[in-house]
Amino acid sequence: MSESTLPRRVVVTGATGKLGRAVVAHLRAVGVDVLAVDRVGGRDPRDVDGEFLLVDLTDYGQVVEAFTGGADEHAGGDAIVHLAAVPAPGLMSNATTFANNSAATYNVFAAARAAGIKRVVWASSETVLGLPFDTPPPYAPVDEEYAPRPESTYSLNKALEEEMARHFCRWDPELVMVGLRFSNVMDVEDYAPFPSFDADPRLRRWNLWGYIDARDGAQAVERALAYDQPGADVFVIANADTVMTRSSASLMAEVYPGVEIRKELGEHETLLSIDKARRVLGYEPQHSWRDHVDVL
Ligand SMILES: NC(=O)c1ccc[n+]([C@@H]2O[C@H](COP(=O)([O-])OP(=O)(O)OC[C@H]3O[C@@H](n4cnc5c(N)ncnc54)[C@H](O)[C@@H]3O)[C@@H](O)[C@H]2O)c1
């Protein structure tokens, strides 16, 4: 993907979080000018190197300032990458998760619109595919072709964000909004226990044994920022393989014997389909946990 198609300056929310740190580092490495924002961090250089603004996204005025250059010493942005959220079910009360995440995302979408910003990339989630799959998936690999099946308040909010994006794009035909349905985010240091997952295939069935290396997640953000087709679209973003050393076909046969398998599966092929992201965004994972852990 040509660097010239990338926006010049991007505001990244959730910048001191797990995915945000990787995204900020990656975008800066490919030459994008980044304003990193979060409600925590900023004074500690281990959180974010470079330009940082402390923002609580539940306060609309703070978001507008960040996006328009209203805050002293910080210009606004040409595009937004919105990653800030309470990042999973069960971390905070459902109502708190909903109140924070829905307000933050509404404010980000609305402030981008008010600022005339035409590109918004944001973190949706694999959870909208029906995690934890107590109800089996409709088929495998799962993809973007069936309606969201949120099973938690966290996921319900992600599904509502996808719907909200569709309406923002209906209101503004020039707007490009890309929702990335990230799988479970991993840093390299998270890979050590992966071989132990093999002992019990049910341990990681909740997301069909998927994961996303934070560096590949950052690559997906770069690709999405370069995407220029107006309208709202969503993409599953996972790594090309599973967390298991057993074959993907044998996992499905044992754990979900009644589920239709819609393609010939490679040995460790992801069951969270990244075919659309590959085809439309040019996304191609560069990393695997197998490169970091000795696998028998
Ligand atoms: N971690 C995963 O496995 C996973 C999987 C799928 C999707 N996601 C999504 O990816 C995004 C990033 O997740 P992460 O793993 O980096 O989470 P994280 O908790 O490490 O980072 C999220 C950041 O958002 C910030 N934040 C939350 N509410 C805020 C607010 N009101 N104002 C300003 N900042 C706020 C937090 O301070 C934190 O630094 C989230 O949207 C999450 O829902 C994560």
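It should be noted that the structure appears before, not after, this text.
A. Focus on unusual backbone geometry. For the peptide bond that leads from Leu 131 to Pro 132, omega is 10 degrees, which places it in the cis range. Inspection of the secondary structure assignment puts Pro 132 in the loop between strand 5 (119-123) and helix 4 (153-171). Along the chain, Ala 140 connects to Pro 141 via a cis peptide bond; the corresponding omega equals -5 degrees. Its identity is not glycine, yet Glu 73 carries a phi of approximately 75 degrees, on the positive side. Tracing the backbone through its elements, the reader meets Glu 73 in the loop between helix 2 (60-68) and strand 4 (79-82). Backbone geometry at Phe 133 places phi at a positive 55 degrees, although glycine is not the residue there. With respect to the helices and strands, the residue Phe 133 is situated in the loop between strand 5 and helix 4.

B. A negative patch on the surface, seen in detail. Taken together, Asp 59, Glu 65, Asp 72 and Glu 73 make up a surface patch of like negative charges. For Asp 72, the position within the fold is in the loop between helix 2 and strand 4. Classification of Asp 72 by relative accessible area gives exposed; the value is 67%.

C. Local environment of the pairing of strand 4. The alternating pattern of strand 4 places Ala 79 and Val 81 and Ile 80 and His 82 on opposite faces, both of which are buried. As paired elements, strand 1 (residues 9-13) and strand 4 share four bridges and run parallel to each other. What sits directly across from Val 12, in strand 4, is Val 81. Examined bridge by bridge, strand 4 and strand 5 share four bridges and lie parallel to one another. Paired with Val 81 across the strands is Val 121, a residue of strand 5.

The rules behind these values
Position labels on residues start from 1 in each chain and follow its written sequence. A pLDDT threshold of at least 70 governs which residues receive local features in this predicted model, and a stricter bar of 80 or more applies before side-chain atom pairs are shown or counted, although totals over entire chains, interfaces and linings include all residues. Side-chain calculation: all heavy atoms of the structure are included, whereas hydrogens and water are not. Working definition: helices are DSSP H or I runs of at least four residues, strands are E runs of at least two. Numbering for both runs from the N terminus. Patch criteria: residues need more than 30% relative accessible area and no salt bridge. Like-charged residues are merged within 9 Å; nonpolar side chains of Val, Leu, Ile, Met, Phe, Trp and Tyr are merged within 5 Å. Accessible areas in this description were obtained via Shrake-Rupley with a 1.4 Å probe; residue shielding takes into account the shown protein chains only. Salt bridges are identified by distance alone: a Lys or Arg side-chain nitrogen within 4 Å of an Asp or Glu carboxyl oxygen. Only four residue types enter the charge count: Lys and Arg as positive, Asp and Glu as negative, with His and the chain ends excluded. A charge is said to be at NZ when it belongs to Lys, at CZ for Arg, at CG for Asp and at CD for Glu. Any residue under 20% of the maximum accessible area for its type is buried, any over 50% is exposed, and the rest in between are partly exposed; the area is computed with a 1.4 Å probe on protein chains only. Here, a strand pair is defined by DSSP locating no fewer than two bridges between the strands.

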